[in-house]
Each structure stands twice: as C-alpha cells, then as structure tokens.
Amino acid sequence: MGATKPIGLYERLSAEVHEWDPRTIEVAARVAELVRERRPDLTVEHIGSTAVPGLPGKGIVDLSIETTPEGIPGVVAMLYDLGFGPQPGPDPWPPTRPMPVGSLELGGTLYRIHLHVQPRGGDFPRDIAFRDALRNDPELRSQYEGLKRGITSGGAVEGLRYTHSKTRWILDVYRKLGYAPPPIAPPATIGILGGGQLGRMLALAGRELGYRIAVLDPDPHAPATAMADVVEVAAYDDVAAAHRLAAQCSVITYELEHVGQGVVIALDDRHRPIRPGPYPLKLTADRLAERRFVEANEGRVAAWREVTSPAEILRAAAELGYPLRLKAVRGGYDGRSQAQLEGTEALAEVDGRIGWPALLEREMAFEAELSVIVTRNVDGVSRTFPVARNRHDRGILVETTVPAEVGRTVEEAAANLAESLATSMGLVGTLTLELFLMPDGSLVVNELAPRVHNSGHWSIEGAVTSQFEQHLRAICGLPLGSVAMRAPAAAMVNLLGEGAPRPAHPTGIYEALEVPDAHLHLYDKATVFERRKMGHVTALGGSVEEALARAREAAAHIGWAPAPAAAAATTDA
C-alpha cells in the first residue's frame with residue numbers, strides 16, 4: 001500500500017452558516033506549507049469567510065493560488081498528488097480556472113477545502129481586496145453576516161443557491177473596490193449560437209442598440225443570418241466552428257437548448273463570457289436533471305419516474321396511474337419526442353420511438369397553462385415580466401395573452417419561483433418557466449428554458465422593454481429596462497404553416513395590417529410546411545378579449561401560396 005496523502009476526500013454538502021472557527025487559520029497555513037514544500041515559487045492566499053476573523057460562513061477553507069495560464073495544469077497535478085481532487089457538483093469551474101477540493105483533519109474535526117487556481121490577470125487581486133475589506137471594515141462584515149444568515153434562515157439550502165444569492169451584494173462591494181467588470185458596450189459583437197427566429201429577433205434588438213451580430217447555424221439561410229455581420233455555417237456541436245465565431249465576439253449567448261454541451265463548455269474559457277452559461281444549458285437540456293433541480297430548489301413538478309424499458313413503464317404506471325406522458329430526455333420540443341399513454345395498449349407504439357432512458361410523468365389536470373419570464377443581470381438584479389396565459393395545440397403554442405388574469409397571489413408566486421430558480425442556477429440572461437396552474441391555485445413547473453421564449457413575443461410591442469432587448473442588456477452588463485405593459489392587454493397568435501413543403505410566399509398581408517393595433521412579424525423562412533412556425537401577430541387592446549380578437553383577426557388573413565405547380569394547375573382548371 002502506498003503512503004497516505006496529506007489531503008483527504010471532499011464531501012459536497014448543503015449550505016449552512018456556522019460561527020467562525022479559528023482553527024481554519026491553522027488549516028490554511030498547513031495547506032500553504034504543503035504546497036511550499038513542493039513548489040516554493042507559489043504563494044497560497046487564504047481568502048473567503050474563514051480568512052476573516054469573526055465572520056460566520058459555511059466553514060469551508062477557501063484558498064487561492066495565482067500562476068501563469070500555461071502553468072495551471074502543473075499546479076493542478078501537484079495538488080492532486082497531495083490528495084486534492086476534481087470539484088464535484090453540477091457546475092464546476094472550467095479547466096482554465098479550476099478549483100481542486102479536499103479536506104484536512106485537525107483536532108478531530110474534518111475541514112473542507114476549496115483551492116482556486118487562478119490565471120494571472122484573473123480574479124486573484126479582486127479576491128484579496130474583498131478579503132481585506134471585510135477584515136478592515138466591521139460594518140461591511142456585519143452586512144455580510146446578515147446576508148448569509150438571511151439566506152439560510154429557513155435552514156440549509158442547496159450550495160449553488162447559497163452562492164448565487166450573495167451575487168448582488170458581493171458585486172456591489174467589488175464595484176466600490178474598483179473591480180466591477182465594465183459593461184460590454186456597442187459596437188461590440190454579440191455571438192448567437194442558433195440562427196432561428198429567436199436568434200433573428202435577438203439580432204434585431206442588438207442592431208437597435210448598435211451591436212454587431214455573429215451567428216452560428218447549420219443552415220446558411222436561417223432566419224437570423226440576414227441580420228448578421230458574421231455567419232458561421234456549422235453544426236451546433238462543432239467546437240472548432242464555435243471557437244472561430246467566439247474569436248470575433250465579446251459575449252456569446254444561445255437561442256435554443258440543443259446547442260452541443262461540449263461547445264458551451266469549450267467556450268467557457270475566460271476569454272469572453274458565455275451567457276446564460278453552461279450550467280443552465282446542462283440543466284434544461286436534460287429533462288431528468290431539470291426535474292431534480294426544480295425539486296431541489298423548492299419547486300413542484302408532476303410525479304415522475306425515469307424509465308429505461310416498456311417493463312419499467314408498466315411498473316411506474318402502477319405507482320403513478322394513467323394518463324401518463326412519456327418524453328425524451330434530450331431533444332424534442334413543440335410536442336415532438338413525446339407520447340401520451342392512456343393505458344397499456346399504447347406501450348407497443350412507443351417502444352424505441354422516444355429512446356431510453358425516458359421521462360415518464362403523470363398528466364396534470366390543470367386549469368390553465370402559464371409562463372413567466374425573468375431576466376437576471378450580471379450583478380444579480382432580476383426583473384420579471386407579467387405572467388402570460390398560453391394555449392397550445394398538440395404541443396405547439398398557438399396563443400398567448402397578457403395579463404394572465406390569475407390573481408395577485410399566483411402572479412407573485414410565479415415571479416418568486418422564477419427569480420429563485422434563476423438565482424439558484426447562477427443564470428445571467430433570460431429564464432422562462434412554463435407552468436401549470438392547478439385547481440387549488442398552486443403552480444407546477446412543466447418546462448424550463450434558459451433563453452427568450454415564444455410566449456414572450458408579445459413584449460416587443462406590449463412592454464416598455466422587450467424580452468429580446470432585456471436579454472441583451474443582461475448578458476452585456478447593462479441596466480435592465482422596465483417590464484411594465486404599454487397597454488392594458490396584449491395578445492400573440494402564432495402563424496403556423498400548412499400543407500406540403502414548398503417555397504414560402506405569404507398572402508393576406510394587406511388585409512392583416514388593416515386591423516387596428518395589430519403587428520405582423522414574419523420570420524423570413526424560405527420553406528413553409530405543416531405546423532411550422534412562420535411568424536406571429538401581436539395586438540394591443542383595452543382588455544384581453546379585445547387584444548386577442550384583434551390578433552386573431554389579423555392572423556386569420558395570413559396564408560401561404562400553393563406550390564408553383566399546384567398554382568398552375570389551379571389556373572389551368
């Protein structure tokens with residue numbers, strides 16, 4: 001057997017606030033000594049709450065080493081040789097600024113250790129300045145203690161939620177210390193992974209603010225490409241193409257959850273921010289992870305099971321009861337990659353169609369489908385748009401109305417849940433919650449989307465700041481705008497294609513635009529086919545009924561010309 005390493009294993013726990021323990025100073029000194037024995041050229045700094053005498057906290061000993069970017073792998077290898085290991089949890093620091101973790105026993109107590117390895121030019125000086133400010137300012141220290149105790153006043157919380165709940169206060173201190181990151185100002189280039197209609201409307205909002213736009217999409221004629229200065233034609237999982245795009249950008253965002261996870265992780269290299277970030281994408285691209293996350297953060301979801309075969313569906317159905325819905329874990333939207341199960345007779349049809357593993361969940365007898373959109377800034381400030389009421393047809397959103405007319409209690413509960421989940425995932429940008437309103441007034445989360453959303457299109461004309469501009473303000477570090485409505489009510493009706501695939505030539509535009517206070521948005525898709533989202537109409541009004549009637553009237557005028565051959569045949573007849 002080999003010699004026992006001085007640093008022990010690390011256990012990830014929920015966050016609780018403990019009184020300051022003076023022995024953490026000894027732990028930090030011991031780790032610094034172990035590092036100095038192997039690398040005399042390195043300095044270990046004790047940072048974080050345990051470095052501030054008298055300051056309560058989680059009790060984790062936070063340490064930091066600064067080195068050259070190319071020296072990071074060697075430092076990490078040395079720390080692993082001491083017994084440190086990779087950071088656990090769902091959202092680890094990237095390899096360009098890793099945080100090995102471990103533990104050290106002292107006086108019969110096991111102390112957990114985080115050791116940040118920082119590249120020169122990174123956050124090392126800021127962390128030292130923050131520590132010293134806390135040491136030297138009793139009032140600042142008291143404020144920080146109050147914040148921590150407030151976050152955990154209801155008991156232990158999930159670790160990431162604890163960390164991100166402190167963001168707003170900490171960044172305000174950084175700003176006073178002179179370490180606030182400057183906003184990304186025009187004419188900087190914003191990179192968008194995905195070139196669909198959401199990317200197009202983001203690009204239009206960026207253009208109005210004076211930004212340049214770069215888009216990555218496999219389709220050279222995708223809707224957003226016409227708005228872009230730079231177009232990288234490549235698959236969503238093409239890391240090399242994503243790096244080429246990123247090299248020309250100051251910030252990166254994405255307009256769909258199906259961007260390759262490897263692409264987002266590869267771009268999170270400290271050269272430029274990718275927002276909302278890898279963790280929100282990781283959560284929402286996996287329906288199982290998404291449900292676990294919501295439940296861990298005090299949200300409610302439908303009763304569910306992970307299943308890997310028809311036999312497991314049968315066993316789960318005995319517990320959950322019919323009707324059920326089977327969903328692919330990854331991919332699928334607008335009702336695709338899903339199947340409704342009314343009983344055992346449907347199992348043969350779904351075997352192999354959805355893929356394994358899959359999510360099986362109980363169908364909910366809801367009163368209404370709602371959505372709420374929250375945008376969270378770099379500094380932790382959040383603003384939530386009014387709750388919307390949605391109507392779907394076979395999984396595709398067809399109408400949205402605002403206000404949702406659900407009462408103040410439900411509005412507040414939806415907004416609070418949205419802000420809580422956005423904070424817990426450390427999101428910077430926009431998060432959409434699709435919700436079911438239950439007969440008892442409670443809310444059940446159906447889906448999360450870390451992006452702008454179809455149900456927020458009404459905000460282009462209906463809100464002081466559209467969801468698209470708000471998202472760009474957030475990811476660029478600019479102040480968030482007002483989310484107040486410009487009229488008492490707004491409505492959105494999607495324009496869906498019909499018939500066989502053919503070149504897209506809209507009809508009825510003149511008549512649609514004759515409808516008072518109706519606004520037409522076409523996505524410039526080259527091909528139309530059955531149930532494809534081709535555009536939308538929004539309308540404002542003095543009431544939900546008036547706005548919806550106007551939007552429906554305008555949308556009813558829009559059609560799509562038949563294929564040329566069919567049109568010719570009709571003419572000949």
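Relevant structure appears above.
Residues numbered from 1 in each chain as written. Predicted model: local features only at pLDDT ≥ 70, side-chain atom pairs only at ≥ 80, totals over all residues. Heavy atoms only, no water.

1. Concerning the overall build of the protein chain
Scanning the protein chain from terminus to terminus reveals 19 helices and 25 strands. For the protein chain, whose C-alpha radius of gyration is 26 Å, the value lies close to the compact-globule estimate of 25 Å for 573 residues. Going through the 573 residues of the protein chain one by one, you find that 54% of them count as buried. Residue pairs at least 24 apart in sequence account for 65% of intrachain contacts in the protein chain once pairs closer than 6 positions are excluded. Surface exposure of the protein chain reaches about 24,300 Å², of which carbon and sulfur atoms provide 52%. Within the protein chain, the 72 negative side-chain charges are centred at a point lying 4 Å from the centre of the 58 positive side-chain charges. (Helix = DSSP H or I, 4+ residues; strand = E, 2+ residues; numbered from the N terminus. Rg over C-alpha atoms; globule rule 2.2 N^0.38 Å. Buried < 20%, exposed > 50% of the residue type's maximum accessible area, 1.4 Å probe, protein only. Contact = heavy atoms within 4.5 Å. Areas by Shrake-Rupley, 256 points an atom, 1.4 Å probe, with all protein chains shown as cover. Lys, Arg positive; Asp, Glu negative; His and termini not counted. Charge placed at Lys NZ, Arg CZ, Asp CG, Glu CD.)

2. Digging into the sheet that holds strand 10 (residues 324-328)
As summarised here, the arrangement of the four strands in space is 9-12-10-11, forming an open sheet in which the pairing is antiparallel. Two strands in the sheet have a free side with no partner beyond their single neighbour: strand 9 (304-307) and strand 11 (338-341). Shown here is a sheet whose adjacent strand axes are inclined to one another by a mean of 20°, direction ignored. The sheet strands contacting helix 11 (residues 287-296) are strand 9, strand 10, strand 11 and strand 12 (358-362), and the helix crosses strand 9 at an angle near 150°. In this fold helix 12 (residues 310-320) packs onto strand 9, strand 10, strand 11 and strand 12, with an angle of close to 170° to the strand it touches most, strand 9. (Pairing = 2+ DSSP bridges. Axes fitted to C-alpha atoms, helices over the stretch in contact; angles between N-to-C directions.)

3. Considerations on the packing of aromatic side chains
Scanning all chains against the criterion turns up seven aromatic pairs. Taken together, a centroid distance of 6.4 Å and an interplanar angle of 90° make the contact between Y279 and F293 edge-to-face. Of this pair, Y279 sits in helix 10 (residues 278-284) while F293 sits in helix 11, and the two are 14 residues apart along the sequence. With respect to burial, Y279 and F293 carry one shared label: buried. (Phe/Tyr/Trp six-rings, centres within 6.5 Å; stacked < 30°, edge-to-face > 60°.)

4. Details of the packing of helix 3 (residues 124-136) against helix 6 (residues 167-177)
It is at 10 Å that the axes of helix 3 and helix 6 come closest, and there the two elements cross at 95°. Taken together, the axis directions place helix 3 and helix 6 in an arrangement best described as roughly perpendicular. From helix 3, R126, D127, A129, F130, A133 and L134 reach across to helix 6, where they touch W169, I170, V173, Y174 and L177. Its residues assigned to classes, the contact of helix 3 with helix 6 shows nine nonpolar, no polar and two charged. (Parallel < 35°, antiparallel > 145°, perpendicular 65-115°, else oblique. Nonpolar A, V, L, I, M, F, W, Y, C, P; charged D, E, K, R; others polar.)

5. Digging into helix 11
Listed in full, the buried residues belonging to helix 11 are R287, L288, E290, R291, F293 and V294. Looking at where helix 11 begins, the residue whose side-chain oxygen comes 2.9 Å from the main-chain nitrogen of L288 is D286. The positive-phi residue at the C-terminal boundary of helix 11 is E298, with phi of around 70°. (Polar contact = N/O pair within 3.5 Å; in protein donor to acceptor, adjacent residues only side chain to side chain.)

6. Details of the pairing of strand 15 (residues 388-393)
Two strands pair when backbone bridges link them, and strand 13 (residues 368-376) and strand 15 are joined in this way by three bridges, in the antiparallel orientation. Across the sheet, L370 pairs through a bridge with R389, a residue of strand 15. Looking at chain direction, strand 15 and strand 16 (residues 396-402) are connected through five bridges and run antiparallel. Along strand 16, the bridge assignment pairs H392 with L397. From the end of strand 15 to the start of strand 16, which pair antiparallel, there are two residues, and R394 there has a positive phi angle of about 50°.

7. Some details on the side chain of R291
For R291, the location among the structural elements is in helix 11. The exposure class assigned to R291 is buried, which follows from its relative accessible area of 2%. Apart from residues lying up to four places away in sequence, R291 is in contact with V301, W304, K327, L359, E361, N446 and E447.

8. Some remarks on the environment of A15
Tracing the sequence through the fold places A15 in the segment before helix 1 (23-38). Accessibility expressed as a relative area gives 1% for A15, which makes it buried. Put simply, A15 and K148 are 133 residues apart on the chain and 10.0 Å apart in space, counted from C-alpha to C-alpha. Residue contacts for A15: discarding those within four places in its chain leaves K58, T152, A156, V157, G159 and Y162.

9. Re the pattern of salt bridges
Scanning the entire structure with this criterion turns up 37 salt bridges. Among the salt bridges present, the one from D132 reaches R131, with a minimum N-O distance of 3.0 Å. Its relative accessible area of 26% is what places D132 among the partly exposed residues. Judged by its relative accessible area of 8%, R131 is buried. (Salt bridge = Lys/Arg side-chain N within 4 Å of Asp/Glu carboxyl O.)

10. Section: the environment of E319
Within the element layout of this structure, E319 appears in helix 12. Remark: the alpha-carbon pair of E319 and P88, spanning 231 residues in sequence, is separated by 33 Å. Once residues within four sequence positions are removed from consideration, E319 is found in contact with R305 and R362.

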